[in-house]
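Coordinates in review
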Amino acid sequence: MKKVKSIFMKPTILLGIAAVLLLGSGVGSARAALTYYSDQYSASMDMSTIGVSLKENGKVVSSKTYDDQGDATTNGEGKLLQNLLKDDEKFALGKTYDEKLAVENSGNIDTFVRVVLTKSWQDKEGKNVDLSPALIELGFNQDGWVINEAQSTDERVVLYYTKVVESKKTTPDFMKTIRISNQLSTMYTKVEDKKTIKYQYTYNGYTFTLDAEVDAVQTHNAKDAIKSAWGIDVNVNDDETKLSLG
Amino acid sequence: MRKFNKKLVLSIVALVMISTLGIGKALGYFTTHTNATGGYKMDLGFTDTKIKEDVDKDGKHVVITNVGDYDCFVRVKVFAADNLKIRYNLGEDWQESGDGYIYYNKVLSSKDKTSELNIKYTLPEVNDDNKDKDYNIVVIQEFTPVVYDDQGNLIANWQQVYETE
């Protein structure tokens, strides 16, 4: 007994044991999602990959999909609103423009997904300005999607898809349209120069910006996985096919 | 003393290494995310309109041109002496309204011109009092930018009227 104790008292040995444990832990974490399940299930999950893509008007604009080696592949330019207006069309205040956004499961395991949309304004120099993001009006679709009001503000909207997104399937559009409030048409200045009267819109040359972040998480042990990844408590039904906000 | 410190430090390092074991498992869920960003720079401005008025035996012929870069709606108001009889040949595109204005009922696109508004007049009978009198018909034109209402319909907001000289 005395001998055993002395071994553990030697720091170099302790360090060695720690290193071995750490090496082993790498395997553990890579398979952590599988430890709740049988060996057979574990074997099938070995090739599991998770992936998510954001689609704008039917085209993938951004995606991140992992392969079975754990390496991520990204696709798309990551840009939104590049084709907002048709050729020769002029931008108009208050006009509703199509901006259809949806999420595709580009991996091979089922996922739950959520989207965080952030709206902002930049001035002519590209600096962020304190103009109300509420003037950027987004048209949402409630088909399977739910807005978490508790997490949303004028600037940010957080939407959860309440159903599982199966591999290679695309959700219904969570957003359909974008519109800039016609309130901006009442904000102008009058410039009088001798016989000439000119009017200038206060916010001419300003840019409205939309950022969309899409998160996906495994459906197995979804409640804990979502808590861990997104930091939010959700309710998940027993067969892990639907979620609802608490 | 020095030896003791080395032991202590190594032991602490070992403990820290072991304590991180739990973190690996907590991060072991399958997750991914992607994002995209984009903006649109708004080109907002006021247009400018010019009125062309020709007078001949058939009256005054008014055509308004949108000389600016933005679409608009236009309307005119006609002022004339009380004893001049005025009537309008509106064509299909002009419309009289109870508020005293005559409205062009289409969007006047950038660089486009309206169809003609013909203002006809009948002079009063000539007598000694008015034989040398001149009569004026004054046309005021106004425009308002094209905007969309909350339902996405095109509207002319005549509460917001602009004149350019």
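The following paragraphs examine the structure supplied in this document. Source: prediction; values computed, not measured. Each chain carries its own residue numbering, running from 1 in the direction its sequence is written. Numbering of ligands from 1 and lettering of chains from A proceed in the order in which they are written. This being a predicted model, a pLDDT of at least 70 is required before a residue's local features are given, and a value of 80 or more before pairs of side-chain atoms are given or counted; all residues contribute to the totals for chains, interfaces and linings. To obtain the side-chain values, all non-hydrogen atoms of the structure were included, while hydrogens and water were left out.

Attention now goes to helix H4 (residues 222-230) of chain A. All names here are of chain A. By the burial criterion, the buried members of H4 are Ala222, Ala225, Ile226 and Trp230. Down the axis of H4, the sector holding all buried residues measures 95°, keeping them to one side. As for H4, its buried residues are in contact with strand S5 (111-122), strand S8 (156-161), strand S12 (207-218), strand S13 (234-236) and strand S14 (243-245). Within two residues after H4, Gly231 carries a phi angle of roughly 70°, on the positive side. Any residue under 20% of the maximum accessible area for its type is buried, any over 50% is exposed, and the rest in between are partly exposed; the area is computed with a 1.4 Å probe on protein chains only. Only runs of H or I of at least four residues qualify as helices and only runs of E of at least two qualify as strands under DSSP, and these elements are numbered from the N terminus. Each direction from the helix axis to a C-beta atom contributes to the arc, which is the arc of those directions. Contacts are residue-level and defined by heavy atoms, with any inter-residue pair within 4.5 Å sufficient.

This brings us to the nonpolar core. Ranked by internal contacts, the top residues of the largest apolar core, which has 73 residues, are Phe91(A), Leu117(A), Trp121(A), Phe174(A), Phe208(A) and Met42(B). Apart from residues no more than four positions distant in its own chain, Phe91(A) is found in contact with Leu85(A), Tyr97(A), Ile180(A), Phe208(A), Tyr40(B), Met42(B) and Leu44(B). Nonpolar cores were defined as sets of buried Ala, Val, Leu, Ile, Met, Phe, Trp, Tyr and Cys residues, with membership established by side-chain atoms within 4.5 Å. By size, the runner-up hydrophobic cluster in this structure holds 14 residues, among which are Ala222(A), Ile232(A), Leu243(A) and Tyr29(B).

With that settled, consider the sheet that holds strand S3 (residues 59-66) of chain B. As a general point, the strands of a sheet are linked pairwise by backbone hydrogen bonds and lie either parallel or antiparallel. Residues and elements named next belong to chain B. By the convention used here, strands pair only if DSSP detects at least 2 bridges between them. The strand order S2-S3-S8-S5 describes an open sheet built from four strands, whose pairing is antiparallel. Edge positions in the sheet fall to strand S2 (49-56) and strand S5 (85-89), since each of these pairs with one other strand and no more. Across the sheet, the mean angle from the axis of one strand to that of its neighbour is 20°, orientation sign disregarded. Inspection of the sheet shows S2 paired to S3 by eight bridges, in the antiparallel sense. The residue of S3 that forms the bridge with Glu53 is Val62. The convention used is that axes are lines fitted to C-alpha atoms, helices contributing only their stretch in contact, and that angles between N-to-C directions extend from 0 to 180 degrees.

Let us look at the side chain of Arg179(A). With respect to the element layout, Arg179(A) can be found in strand S9 (residues 175-180). Polar contact criterion, stated in full: a pair of N or O atoms within 3.5 Å, where within protein one must be able to donate a hydrogen and the other to accept it, and residues adjacent in sequence count only if both atoms are side-chain atoms. A polar side-chain atom of Arg179(A) sits 2.5 Å from a polar atom in the side chain of Glu137(A). Arg179(A) has contacts with Gly94(A), Lys95(A), Thr96(A), Leu135(A), Ile136(A), Glu137(A), Tyr148(B), Asp149(B) and Asp150(B), leaving out every residue within four places of it along the chain.

Many descriptions give the size of an interface as the accessible area lost when the pieces come together. Contacts between the two partners involve 74 residues from chain A, matched on the other side by 44 residues from chain B. Here chain A meets chain B over a buried area of about 5,100 Å², counting both sides, of which 63% is carbon and sulfur. Salt-bridge detection follows one rule: a side-chain nitrogen of Lys or Arg within 4 Å of a carboxyl oxygen of Asp or Glu. At the junction of chain A and chain B, the tally comes to one salt bridge. The closest approach of N and O atoms between Asp150(B) and Arg179(A), which form a salt bridge, is 3.3 Å. At the junction of chain A with chain B, the criterion picks out 22 residue pairs in polar contact (both at pLDDT 80 or more). Sorting the residues of the side of chain A that touches chain B by element identifies helix H2 (11-30), strand S1 (51-56), strand S2 (59-66), S9, strand S11 (196-201), S12 and H4 of chain A as the ones contributing at least two each. The leading source of residues in the side of chain A that touches chain B is S12(A), at twelve residues. Amino acids are sorted into nonpolar (Ala, Val, Leu, Ile, Met, Phe, Trp, Tyr, Cys and Pro), charged (Asp, Glu, Lys and Arg) and polar (every other residue, Gly among them). Its residues assigned to classes, the side of chain A that touches chain B comprises 40 nonpolar, 23 polar and eleven charged. Sheet topology places S12(A) next to strand S1 (residues 31-41) of chain B; eleven bridges connect them, and they run antiparallel. Bridged to Thr207(A) within S1(B) is Lys41(B). Buried surface area refers to the total accessible area, computed with a probe of radius 1.4 Å, that the two partners give up upon joining, counted for both partners together.

Our focus in this paragraph is the sheet that holds strand S3 (residues 72-75) of chain A. All names here are of chain A. The strand order across the open sheet built from six strands is S3-S2-S1-S4-S9-S6, with neighbouring strands paired in antiparallel fashion. This sheet does not close on itself; its edge strands, each paired only once, are S3 and strand S6 (136-140). Averaged over neighbouring strand pairs, the angle between their axes works out to 15° when direction is ignored. In the sheet, strand S4 (residues 96-104) pairs with S9 via four bridges, with the strands oriented antiparallel. The residue of S9 that forms the bridge with Thr96 is Arg179.

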